[in-house]
Amino acid sequence: MKLHTFKIGGVHPAENKIAAGKPIENLPLPEEVVLPVSQHIGAPATPVVKKGDKVKRGDRVADAGGFVSAPIHTPISGTVVKIDTARTPQGMPVQAIYIKSDEADRAADAEAMTNREKPARTEEEIAALDGKAIIDIIKNAGIVGLGGATFPAHVKLSPPPGSKAEIVIINAAECEPCLSCDDMLMRENPREIVKGVELLMRAAGVNRSVIAIENNKPEAIAALSEAASSVAGIEVMPMKVKYPQGGEKQLIEAVIGKEVPSGGLPIATGAIVQNVATAYAVYRAVVLDEPLMDRVLTLHDGETGRNLRVALGTILATLVPGKEPEKIILGGPMMGRTASTLQTPMIKGTSGILLDSRYAHRRPMENCIRCGKCTEACPMGLEPFLISTLSRLQDWDEAEQQKIANCIECGSCSYICPASRPILDFIRIGKGKVMAAMRARAAAAKA
Amino acid sequence: MNIIVTSIIVLGLIGIIGAAVLYVVAKRFHVQEDPRIDQVEALLPGANCGGCGRSGCRDFASACVCADTLDGLTCPASGSAVMKQIGEIVGLAAAETKPKIAVIKCNGTCDLRPRLARFEGAPTCAVLSSLGTGESPCPNGCLGCGDCVSACPYGAMKMNLETGLPEVIEDKCVGCGACVKACPRSIIELRYKGPRGMRVYVACSNKEKGAAAMKTCKAACIGCSKCAKECTHEAITIANNLSYIDYEKCKLCRKCVDVCPTHAIHAVNFPVKKAPAKEKVEETA
């Protein structure tokens, strides 16, 4: 059978998924959490609690700060200690809500945790919900894209006027090396995920859905195929293993063979892409009436890997006892970002913690020999060496002509470069500048 | 033999025809340019630094010649004397300007700021600033990769490897502002050079609250506003937990320097201070 994949570019880094097959461990709730108000793409949330307030597990502590934004809920009961700045993993200050629990709170939470799988809505109630109602539940539960990009889920489900969704694609590719949190979630909760996909289909008003899983996860494919066999319209599609298969544009092309137009939204192809962990969160929000308060992540330290279900706001250092490791990467090794400290709360987008010393150092940089490997690897059909140089020389106009704004920052170019040039580093700078200039022009044209 | 003679004749003819065409074109399409543009350009430094806001020295020269008034046209690199000469050439009055110099508003040397991480990527401040706070925990301080040094067209910046901070070479800096534009953290400011180079400024850009700033860097301005209370000329304002000395109002009395608990206020080029000589300095300023 020919496996689906995207047409141009792509790389195949060593998979290194040593956490695959390790059951998800439910970590006990922490005694204190730090909840940054900016855990998603878009406007930061606005805190609705103040110092000294008592909160219960699942309470909303911050409201969405705009349409493209998401509310935040506390995973523990307790008292709001302060609303102050916390540091992002990269060290930048950001507003955050600090919550601490006491004995009574912890007892109440322990009680709530034992009942957490009990449905809050009956089958009939769920069947009676229309698309709008489901989107509202998703919105109020603070669900964002859990693949790492953290784009608020309800925004994607409400396509702009003039566009119509035809298919929901569930991104279960998990093409990043080392990570296996989605894999384990699919093996352990296939029924719940399929239910979540059904709800997403109803929310988007479509009757077809594809769950795209890379072929290196046969157990997950088997589990989901079985769970989905009884539901009409849901297809499980094994994919060829290739990075960046989980990129939204690449996945759409791989599954339905349509290309997202340059500068356009994915909905232009009629596809809505949601991560598999997002589908699971939708199940929890709709069926169990539970907002997004925890997520599964992979902890990988080179020799061992674990999959953990961790409450949002847990300080990462508590997950990794012992001394500070040589290098910390949050997310996968390809697109994850280096963190300078573990004294930082985990947020909705934290899909992995990599402490592998293999990734600790870059190879020394050499001169570009124009071999063209980056051009072959680029899944967007760009010329990374060229736009990187244009960006370094600050030739923003030419960089825009060369479609720097189309870069998805997957890092395939930097990965494949035999001269170890930091190609993506410079492209990111240029992309930021060019996008800002394009936005300014669009705003000026409107005014 | 014959073939050599033929080639000489043919090539010679082509040369003559080409020269004739070029001559005609040059005469026919000659662009009449004001000779004063060349005169003005000759006075300018020719570094094309962009400090005047134009795309280069020639552009500035033609702007001067075409302008109705020289207000808003200054070459920071040449200073008032040259602007006066330019004014004489174009027949306009040039405004007096005080010379400016770049100051680095960060004093977070290696021993004052803890080092959290080690950066191995492309060694430029632009890349580093896009990734987070950089190697130290300060979200506003110098990143130490020297984008300002490579941006300076006058060679007036150098990196001090011991402190990890850039330094301005006073007699080379003309105040063109190329470094100000290059710094992604906006920690470089153009300020009046001051009489005999004497100037007072806050050498910190950290906007965190006092306690957090203290943790970040031992030399940080903590926004305590002691300096603002001490200042008798209303030159100091506190905004974003950061003190700012207005160089237009500052009388260089240096009272603020002594009260700063973190020594974040720097006074440079003052004669070695003796306690009773304080008033004297004020007079000269």
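Just so it is clear, the model here is predicted, and its values are computed rather than measured. (Residues numbered from 1 in each chain as written. Chains lettered and ligands numbered in written order. Predicted model: local features only at pLDDT ≥ 70, side-chain atom pairs only at ≥ 80, totals over all residues.)

K.L.:
Just to check I follow, could you spell out the overall build of chain A for this structure?
P.N.:
The helix and strand tally for chain A stands at 14 helices and 17 strands. Counting only C-alpha atoms and orienting by the principal axes, one finds that chain A spans roughly 65 × 55 × 50 Å. The 447 residues of chain A split such that 52% are buried. For chain A, restricting intrachain contacts to residue pairs at least 6 apart in sequence, the fraction spanning at least 24 positions comes to 74%. (Helix = DSSP H or I, 4+ residues; strand = E, 2+ residues; numbered from the N terminus. Buried ≥ 20, exposed ≤ 12 C-beta atoms within 10 Å, placed from the backbone. Contact = placed C-beta atoms within 7 Å.)

K.L.:
Where do I start with the overall build of chain B in this structure?
P.N.:
Along chain B, the regular secondary structure elements total 11 helices and eight strands. C-alpha atoms of chain B, sized along the principal axes, occupy 90 × 50 × 30 Å. Burial analysis of chain B (285 residues in total) assigns 38% to the buried set. Counting only contacts in chain B whose residues sit at least 6 apart along the sequence, the fraction spanning at least 24 positions is 58%.

K.L.:
Got a minute to help me understand the domain arrangement of chain A in this structure?
P.N.:
Where interface size is quoted, it is often the accessible area lost as the parts come together. What the domain assignment reports for chain A is domain 1 (24–287), domain 2 (296–359) and domain 3 (373–446). Centre-to-centre separation of domain 2 of chain A and domain 3 of chain A, based on C-alpha positions: 28 Å. (Domains from an automatic or database assignment.)

K.L.:
Even after reading the chapter, I still don't get the nonpolar core, so can you show me in this structure?
P.N.:
A general trend in soluble globular proteins is that nonpolar side chains are found buried together. Residue and element names in this part refer to chain A. In terms of nonpolar packing, the biggest core is built from 197 residues, with Ile138, Ile169, Ile211, Ala212 and Leu224 touching the most fellow members. In terms of residues, this core owes the most to one element, helix α9 (residues 276–287), which gives 10 residues. What Ile169 contacts, discounting residues up to four positions off in sequence, is Val210, Ala212, Leu251, Ile252, Val255, Ala271 and Val273. (Core = buried A, V, L, I, M, F, W, Y, C linked by C-beta atoms within 7 Å.)

K.L.:
Please clarify how the sheet that holds strand β2 (residues 32–36) of chain A should be interpreted in this entry.
P.N.:
Neighbouring strands of a sheet are bound in pairs by backbone hydrogen bonds; such pairs are parallel or else antiparallel. Residue and element names in this part refer to chain A. Spatially, four strands are ordered β2-β8-β7-β4 in an open sheet, and the strand pairing comes out antiparallel. Of all the strands in the sheet, the pair left with one neighbour each is β2 and β4 (54–55). Where β4 meets strand β7 (residues 78–87), two bridges bridge the pair, whose relative direction is antiparallel. When the bridges of β7 are listed, Lys54 appears paired with Thr79. (Pairing = 2+ DSSP bridges.)

K.L.:
Before we go on, may I ask you to explain the interface of chain B and chain A in this structure?
P.N.:
The partner chain A presents 15 residues to the 15 residues of chain B that form the contact. Examining the composition of the side of chain B that touches chain A, we find that four residues originate from one element, helix α5 (residues 125–131) of chain B, more than from any other. Split into classes, the residues belonging to the side of chain B that touches chain A amount to nine nonpolar, four polar and two charged. (Nonpolar A, V, L, I, M, F, W, Y, C, P; charged D, E, K, R; others polar.)

K.L.:
I would appreciate a short explanation of the domain arrangement of chain B in the present structure.
P.N.:
Residues and elements named next belong to chain B. We note that the domain assignment places domain 1 (36–90) and domain 2 (100–284) within chain B. Its C-alpha centre places domain 1 at a distance of 30 Å from the equivalent point of domain 2. Class assignment of the residues belonging to the side of domain 1 that touches domain 2 gives a composition of four nonpolar, two polar and no charged.

K.L.:
It is not clear to me how helix α11 (residues 384–392) of chain A should be interpreted in this structure. Could you clarify?
P.N.:
Because an α-helix packs 3.6 residues into every turn, residues spaced three or four apart end up facing the same way. Residues and elements named next belong to chain A. Across the nine residues of α11, seven count as buried, placing the element largely inside the fold. The inward-facing, buried residues of α11 contact α10 (373–377), α12 (396–401), α13 (412–416) and α14 (423–446). Following α11 by one or two positions, Gln394 has its phi on the positive side, about 60 degrees.

K.L.:
What is the right way to look at unusual backbone geometry in this model?
P.N.:
Most peptide bonds take the trans form, and the phi angle of most residues other than glycine is negative. Residue and element names in this part refer to chain A. Tyr243 connects to Pro244 through a cis peptide bond whose omega is -5 degrees. The residue Pro244 is located in the loop between β11 (234–239) and α8 (248–256) in this model. The backbone phi angle of Thr150 is positive, close to 55 degrees, even though this residue is not glycine. Examined against the element boundaries, Thr150 turns out to sit in the loop between α3 (131–140) and α4 (153–157). Take Thr150: there are 20 C-beta atoms within 10 Å of it, and that puts it in the buried class.

K.L.:
Any chance you could explain the pairing of strand β10 (residues 209–214) of chain A here in plain terms?
P.N.:
Side-chain positions along a regular strand alternate between the two faces of the sheet. Residues and elements named next belong to chain A. Along β10, six of the six residues are buried, which leaves the element largely enclosed by surrounding structure. Burial of the side chains of β10 extends over both faces: Ser209, Ile211 and Ile213 are buried on one face and Val210, Ala212 and Glu214 on the other. By the bridge criterion, five bridges tie strand β9 (residues 167–172) to β10 in an arrangement that is parallel. Note that in β10 the partner of Ile170 across the bridge is Ile211. Inspection of the sheet shows β10 paired to β11 by six bridges, in the parallel sense. Note that in β11 the partner of Ser209 across the bridge is Ile234. Each parallel crossover has a hand, and for β10 linked through helix α7 (residues 218–228) to β11 it is right-handed. (Right-handed = clockwise from strand over helix to strand, strands pointing away.)

K.L.:
For this particular structure, what's the right way to read the packing of helix α2 (residues 35–43) of chain B against helix α3 (residues 57–66) of chain B?
P.N.:
A pair of packed helices can be characterised by two numbers: the angle between their axes and the separation between those axes. Residues and elements named next belong to chain B. α3 packs onto α2 with a crossing angle of 125 degrees between their chain directions and a minimal axis gap of 8 Å. Looking at the two axes, α2 sits oblique to α3. Crossing geometry of α2 relative to α3 is assigned as right-handed. Together, Arg36, Ile37, Val40 and Glu41 of α2 and Cys57, Arg58, Ala61, Ser62, Cys64 and Val65 of α3 make up the contact between the two elements. The class makeup of the residues in the contact of α2 with α3 is six nonpolar, one polar and three charged. (Axes fitted to C-alpha atoms, helices over the stretch in contact; angles between N-to-C directions. Parallel < 35°, antiparallel > 145°, perpendicular 65-115°, else oblique. Left-handed = near helix turned anticlockwise from the far one by under 90°.)

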